[in-house]
Amino acid sequence: MSLTANLINVSFKLSGIKKMYHLPDDKFLEKVKTLNKNRGFYMPKDKKAFYKEHTVLGCKCLIVQPHEAPAERSILYMFGGGMMLGPDKGDIDVIVKLAHKTGCDVWFPIYPLCIEHCITDSFEMIFECYRQMIDQYGANNVSTCGFSSGGALALGVATYNNTLSEKLPMPRHIVAVSPGEVPWNEEEKRIMQANNPTDNMVDYAFMERVERFERKGRNDIPDYMIHISKGDFSGVDNIHFVYSENEVLYGAKQNFIDACEKYHVKYTIRQRKGLFHCYAMLPYFKEAKEDFDEIAEILKK
């Protein structure tokens with residue numbers, strides 16, 4: 001592991017971020033709301049790309065174009081944060097890099113969070129984004145990509161699509177970096193719990209409580225929105241997964257493999273030892289740069 005990667009790992013450990021996942025629900029929400037005061041939609045002022053503000057179902061979406069004219073293809077990119085935390089300005093830097101490396105326009109929706117919204121609202125907004133992108137760029141010209149809970153939504157576009165009577169074309173590519181899901185079988189729980197001491201960002205305690213926030217007291221939420229690997233992936237051409245072997249969400253890997261094999265979906269898995277949750281979305285050190293470049297190569301094809 002590179003020195004920079006090790007330093008970042010240590011900084012996460014020393015930050016004590018995992019302590020917040022053990023707070024009572026009301027204190028946890030209070031902490032999340034405080035963190036979100038400095039997060040959310042941001043319109044860059046630089047000239048690194050061409051930026052547009054767009055609105056989808058009342059929510060803001062940033063469109064990043066590598067060139068002034070729209071590209072032929074696009075990427076629907078979802079931030080992570082456990083469906084609770086919004087994006088920060090650092091996400092924009094990553095999106096700009098992705099746009100230039102792939103030559104694609106990148107749509108970055110600020111989807112409804114499960115602080116106040118049910119997860120159904122998140123899925124509906126993301127899918128409406130996808131629908132508009134298909135209208136603009138055409139079938140087979142829209143890919144989905146996301147990390148953590150955003151990785152779950154990148155996969156969720158396909159599973160949501162398969163519940164519709166009139167389906168849209170499936171994404172050209174799906175890239176899911178450490179996709180989140182609430183564990184639903186004993187083996188998944190066992191691996192998540194075993195990896196908890198080596199994950200310096202996400203705590204297993206959050207995986208046990210997030211379902212309450214996502215449901216908002218409702219019992220009619222489709223299983224695939226809570227347990228993403230239970231979704232129907234029929235018709236998807238390929239899915240690319242990226243993991244750290246030391247993170248809690250690595251426990252979901254086998255469930256996603258099983259889902260891909262059940263629905264005859266081609267898949268690849270990129271995994272590294274010793275790194276932290278969603279490391280590939282911080283392309284500022286050796287291992288992350290390599291894997292981020294690999295993601296870009298997939299999305300530009």
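Trainee: Talk me through helix H10 (residues 286–300); I want residue IDs and the actual numbers.
Mentor: If you check H10, its first and last C-alpha atoms are 21 Å apart, about what 15 residues at 1.5 Å a residue would give, namely 21 Å. Regarding H10, the residues found buried are Glu287, Ala288, Asp291, Phe292, Ile295, Ala296, Ile298 and Leu299. The buried residues of H10 occupy an angular sector of 165 degrees when the element is viewed end-on, so they sit on one face.

Trainee: Requested: an account of the side chain of Glu287, with residues and values cited.
Mentor: With respect to the secondary-structure elements, Glu287 resides in helix H10. Arg272 provides the closest opposite charge to the buried, salt-bridge-free Glu287, at an N-O distance of 5.5 Å. Excluding residues within four positions of it along the chain, Glu287 makes contact with Met1, Ser2, Ala5, Arg272, Leu275 and Tyr279.

Trainee: Describe the packing of aromatic side chains, and please don't skip the residues or the numbers.
Mentor: Any two aromatic rings considered together are summarised by their centre-to-centre distance and by the angle between their planes. Taken as a whole, this structure holds 18 aromatic pairs when the rule is applied. For the ring pair Phe12 and Phe276, a centre distance of 5.4 Å and an interplane angle of 65 degrees mean the geometry is edge-to-face. Pair noted here: Phe12 is in helix H1 (residues 3–15) and Phe276 is in the loop between strand S8 (266–272) and H10, with a separation of 264 residues, a long-range link. Across the pair, exposure class does not vary: Phe12 and Phe276 are buried alike. Ring plane angle 40 degrees and centroid distance 6.0 Å describe the contact between Phe28 and Phe206, whose orientation is recorded as tilted. Here Phe206 lies in helix H7 (residues 204–215) and Phe28 lies in helix H2 (residues 25–36), a separation of 178 residues in the sequence. This pair shows no difference in class: Phe28 is buried, exactly as Phe206 is. Cluster of aromatic residues (ring-pair linked, three or more members): Tyr77, Phe79, Phe108, Tyr111 and Phe147. Stacked on the ring of Phe28, the Lys or Arg Arg209 has its end atom at 4.7 Å from the ring centre.

Trainee: Describe the pairing of strand S1 (residues 50–56), naming the residues involved and giving the relevant values.
Mentor: With 7 bridges connecting them, S1 and strand S2 (residues 59–65) associate as antiparallel partners. Within S2, the position partnered with Phe50 by the bridge is Gln65. Two successive antiparallel strands, S1 and S2, enclose a turn made up of 2 residues, where Leu57 displays a positive phi of approximately 50 degrees.

Trainee: Can you explain the environment of Phe285? Please cite residues and give values.
Mentor: On the secondary structure map, Phe285 appears in the loop between S8 and H10. For Phe285, the contacting residues outside a window of four places in its chain are Ser2, Thr4, Ala5, Ile8, Leu275, Phe276 and Tyr279.

What counts as what
- Residues numbered from 1 in each chain as written.
- Predicted model: local features only at pLDDT ≥ 70, side-chain atom pairs only at ≥ 80, totals over all residues.
- Heavy atoms only, no water.
- Helix = DSSP H or I, 4+ residues; strand = E, 2+ residues; numbered from the N terminus.
- Expected span 1.5 Å × (residues − 1).
- Buried < 20%, exposed > 50% of the residue type's maximum accessible area, 1.4 Å probe, protein only.
- Arc of directions from axis to C-beta.
- Lys, Arg positive; Asp, Glu negative; His and termini not counted.
- Salt bridge = Lys/Arg side-chain N within 4 Å of Asp/Glu carboxyl O.
- Contact = heavy atoms within 4.5 Å.
- Phe/Tyr/Trp six-rings, centres within 6.5 Å; stacked < 30°, edge-to-face > 60°.
- Lys NZ or Arg CZ within 6 Å of the ring centre and 35° of its normal.
- Pairing = 2+ DSSP bridges.

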